Amino acid sequence: MEDKGISRAVISRLPRYYRYLGQLVDEGVEKISSNDLSILMKVTASQIRQDLNNFGGFGQQGYGYNVKFLYEEIANILGLDKKHNLVLIGAGNLGHALANYVNFERRGFIIKGIFDKNENVHGKKIRDVEVRPMSEMKEFVLKNDIDIAVLTIPKESAVTVAAELVNCGIKAIWNFAHVDLNVPDNIVVENVHLSESLMKLSYDLNNTEKGN
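Residues numbered from 1 in each chain as written. Predicted model: local features only at pLDDT ≥ 70, side-chain atom pairs only at ≥ 80, totals over all residues. Heavy atoms only, no water.

When its secondary structure is counted, the protein chain shows nine helices and nine strands. Counting only C-alpha atoms and orienting by the principal axes, one finds that the protein chain spans roughly 60 × 45 × 35 Å. Looking at the protein chain as a whole, 38% of its 212 residues are labelled buried. For the protein chain, the proportion of contacts with a sequence separation of at least 24, taken over those separated by at least 6, is 55%. (Helix = DSSP H or I, 4+ residues; strand = E, 2+ residues; numbered from the N terminus. Buried < 20%, exposed > 50% of the residue type's maximum accessible area, 1.4 Å probe, protein only. Contact = heavy atoms within 4.5 Å.)

Here's what the structure looks like:
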């Protein structure tokens, strides 16, 4: 479905809808009203209806939502009906954790290669994927139809590596390095700053304690 100027806030909520609907599918629930879904997700029913109306609505008056159909439609909107080949740059602790996260494969994200500059880890395998030297990254990306690169490397290296990946034709970067990347507009970048998330948690905790 084409992007019709849908806000990032709406898009950011879609994975949460997908997760809850997946749980309902697993439980054998066939239909659900916006009111019942709102209770489950702790958002208002009107918010749910507004969000889904951006993509056609999907609900039926007096019936609610067909859970499996809505689950599959949101998967299509998120592009989860396709397979995406990934390379992971950085085989440290965070890289290990991401490589071992089996839900990536269930969602269609396939880690094809892992690269690291540390010679001590070259040749080792993480979930049957061999860790390769950085010198092999360019050729590997070009030959294996890689869509997405995941960066779990220090910020000092991330800018240079990102530029190399762009030159290899990479389409998207999932960036865990604590630096904002300057890449062409046609390259999709999702920045994940773990420390910022922790600071937001600290803010909420601080304000909760003040309210007591």
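Don't stop here, the text continues.
Our next topic: the side chain of histidine 193. Mapped onto the fold, histidine 193 is located in the loop between strand E9 (188-191) and helix H9 (194-211). Of the polar contacts made by the side chain of histidine 193, one reaches the side chain of aspartate 180; its length is 3.4 Å. Beyond its immediate sequence surroundings of up to four residues, histidine 193 is in contact with Ala177, His178, Val179 and Asp180. (Polar contact = N/O pair within 3.5 Å; in protein donor to acceptor, adjacent residues only side chain to side chain.)

It is worth spelling out the packing of helix H1 (residues 8-26) against helix H3 (residues 45-53) at this point. Their axes nearest at 11 Å, the elements H1 and H3 cross at an angle of 105°. Classified by the angle their axes make, H1 and H3 are roughly perpendicular. Across the interface between the two elements, Val10, Arg13 and Tyr17 from H1 touch Gln47, Ile48 and Asp51 from H3. Split into classes, the residues belonging to the contact of H1 with H3 amount to three nonpolar, one polar and two charged. (Axes fitted to C-alpha atoms, helices over the stretch in contact; angles between N-to-C directions. Parallel < 35°, antiparallel > 145°, perpendicular 65-115°, else oblique. Nonpolar A, V, L, I, M, F, W, Y, C, P; charged D, E, K, R; others polar.)

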